[in-house]
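Observations on chain architecture
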Amino acid sequence: MDPSSYIPRYLERAYVESHPDLSPAARELVREQVAHDPDRFAGDAHAQALLSYARAHGALMEELARIADVPDDEFTRRREEAFAMARDRLRAIADQDPWCVDAHLVLIQLSEIPLDACLGDMIELERRVREHLARTRPGFNPDAPTLWDAEAFEGAVDFELLTTGDPEIVGWLHALEALAQGCIFTARYRAAATYARLVMRAPGYPSCAVGTLLLALARLEDEDTLFEVAQELGEDIEGLPWFLLARAILLYKLGQRRSAQRALREFANRCDGGAFFLLNPTYHDPYLPVRPPARTTWELSHQAVWEADGILADTPGFATWVESIEGLRDIAEEFAARNGF
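Within each chain, residues carry numbers counting from 1 in the order of the written sequence. Since the coordinates come from a predicted model, pLDDT governs what is reported: local features require at least 70, and pairs of side-chain atoms require 80 or more to be given and counted, while whole-chain, interface and lining totals use all residues. As a rule here, side-chain values come from all non-hydrogen atoms in the structure, and water together with hydrogens is ignored.

A separate point is the side chain of Glu 12. Secondary structure elements follow DSSP: runs of H or I no shorter than four residues count as helices, runs of E no shorter than two count as strands, and numbering proceeds from the N terminus. Tracing the backbone shows Glu 12 in helix H1 (residues 3-18). Overall, the relative accessible area of 14% leaves Glu 12 in the buried class. Once residues lying within four places of it in the same chain are set aside, the contact partners of Glu 12 are Arg 27, Val 30, Arg 31 and Val 34. Whether a residue is buried, partly exposed or exposed follows from its accessible area with a 1.4 Å probe, protein chains only, as a fraction of its type maximum: under 20%, in between, or over 50%, in that order. By definition, residues are in contact when any of their heavy atoms lie within 4.5 Å.

Bringing the packing of aromatic side chains into the picture now. Only the six-membered ring of Trp is used, alongside the rings of Phe and Tyr, when aromatic pairs are assigned; centres must lie within 6.5 Å, and planes under 30 degrees apart are stacked while those over 60 apart are edge-to-face, with the rest tilted. If you walk through the whole model with that rule in mind, you get 20 aromatic pairs. Consider the rings of Phe 277 and Phe 335, whose centres lie 5.8 Å apart with planes at 65°: the pair is edge-to-face. Of this pair, Phe 277 sits in helix H14 (residues 274-279) while Phe 335 is found in helix H18 (residues 328-339), placing the two residues 58 residues apart along the sequence. Summarising the aromatic geometry, the rings of Phe 318 and Trp 321 are spaced 5.4 Å apart at their centres and angled 50° between planes, so their arrangement reads as tilted.

What follows covers helix H12 (residues 241-253). Along its 13 residues, H12 runs 18 Å from first to last C-alpha, staying within 8% of the 18 Å computed at 1.5 Å per residue. Buried within H12 we find Pro 241, Trp 242, Phe 243, Leu 244, Leu 245, Ala 246, Arg 247, Ala 248, Ile 249, Leu 250, Leu 251 and Tyr 252. Where H12 ends, the next residue or the one after it, Gly 255, has phi of about 80°, a positive value. Here a helix's expected span is defined as the number of its residues, less one, multiplied by 1.5 Å.

It is worth spelling out the pattern of salt bridges at this point. When a carboxyl oxygen of Asp or Glu lies within 4 Å of a side-chain nitrogen of Lys or Arg, that pair is called a salt bridge. The final tally for this structure, using the stated rule, is 27 salt bridges. Glu 17 is the partner of Arg 13 in a salt bridge, and the nearest nitrogen-oxygen pair spans 3.1 Å. Linking Arg 13 with Glu 17, this pair stays in helix H1, spanning four residues, or about one helical turn. Here Arg 295 ties to Glu 299 by a salt bridge, and the two come within 2.7 Å at their closest N and O atoms. For Arg 295, a relative accessible area of 71% corresponds to the exposed category. Classification of Glu 299 as buried rests on a relative accessible area of 11%.

Only buried residues count toward a nonpolar core. Its members are Ala, Val, Leu, Ile, Met, Phe, Trp, Tyr and Cys residues joined through side-chain atoms within 4.5 Å. The biggest cluster of nonpolar side chains holds 116 residues, and the ones touching the most others in it are Leu 90, Trp 172, Leu 214, Ile 249 and Leu 264. The contacts of Leu 90, once residues within four sequence positions are left out, are Tyr 53, Ala 56, Ala 103, Val 106, Leu 107 and Leu 110.

Let us now look at the state of the cysteines. Cysteine sulfurs are considered disulfide-paired once they come within 2.5 Å of each other. Evaluation of the coordinates by the stated rule reveals zero disulfides. Cys 183 supplies the cysteine sulfur nearest to Cys 118, a cysteine that is in no disulfide, at a spacing of 11 Å. Here Cys 208 is not cross-linked by a disulfide; its sulfur's nearest cysteine counterpart is in Cys 271, at 11 Å. Judged by its relative accessible area of 14%, Cys 208 falls in the buried class.

Listed below in structure tokens is the structure:
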């Protein structure tokens with residue numbers, strides 16, 4: 001979740017809880033005012049740290065967008081400058097507030113250490129935050145089907161609001177999602193599946209953790225579980241690039257080449273840009289802290305192929321086989337011409 005989504009929810013909820021007699025019209029006015037001037041509602045150090053993080057994160061992402069089309073040498077220099085500035089700002093926020101979780105998480109991701117060490121730091125952050133949430137959030141239970149024990153509450157409860165309106169819970173989910181993706185990149189496929197399944201249980205939390213799960217299952221050649229997941233999700237998964245690509249990878253690895261070819265053709269035909277990114281690996285902005293929402297349909301295909309890169313490289317003959325499939329190059333070239341690649 002972007003901080004522009006969950007932080008205003010938190011500020012609004014905190015204000016309403018401290019003013020329980022507000023009318024519905026007054027609550028709507030609070031929502032508008034929070035959106036217009038969030039600093040006015042940052043009444044404590046934690047809220048101020050959250051807004052500082054939102055500004056630091058926004059500045060970093062804006063700079064990465066600005067330099068996307070500059071020459072390579074300038075791109076590398078300006079990206080490192082942006083990362084260094086972000087590290088300084090995030091370090092100051094993290095020192096100020098131990099529970100501004102996203103500041104700690106992005107600071108870990110931007111640290112200049114090997115990926116395995118980075119994963120170790122994220123595992124420690126996730127553990128620390130999970131234990132903190134268990135102590136401070138009545139009803140929070142990471143083992144429950146929706147992460148909350150319903151019997152701990154009286155009356156109807158909006159579990160979606162409890163989850164997505166709490167920056168510390170959102171930060172914990174971001175840490176889990178980042179761990180799932182990091183495990184995919186480092187060939188820890190069972191761990192990736194475990195983290196992804198936990199993220200998928202969060203009510204109202206927008207993610208594509210199922211994509212991570214599907215790729216992990218394909219790499220593990222777990223055909224039964226992959227199609228069980230697909231059946232559980234039904235129509236919601238039919239056009240998902242991760243599913244269509246994972247199915248093609250799985251069938252190829254199982255030696256079912258005819259079925260794999262049909263699956264890959266379906267991926268290429270149904271997922272805008274899928275063939276192009278398979279045949280032309282393309283740089284992808286880093287996930288800070290997690291996979292961003294796609295602005296176009298082809299960005300979903302780009303994300304799916306980029307996340308599967310290690311699996312594709314680790315599957316002997318797959319790249320050559322993809323190149324040999326008739327018509328795939330034509331689909332890729334049509335997409336490139338249409339989108340200016």
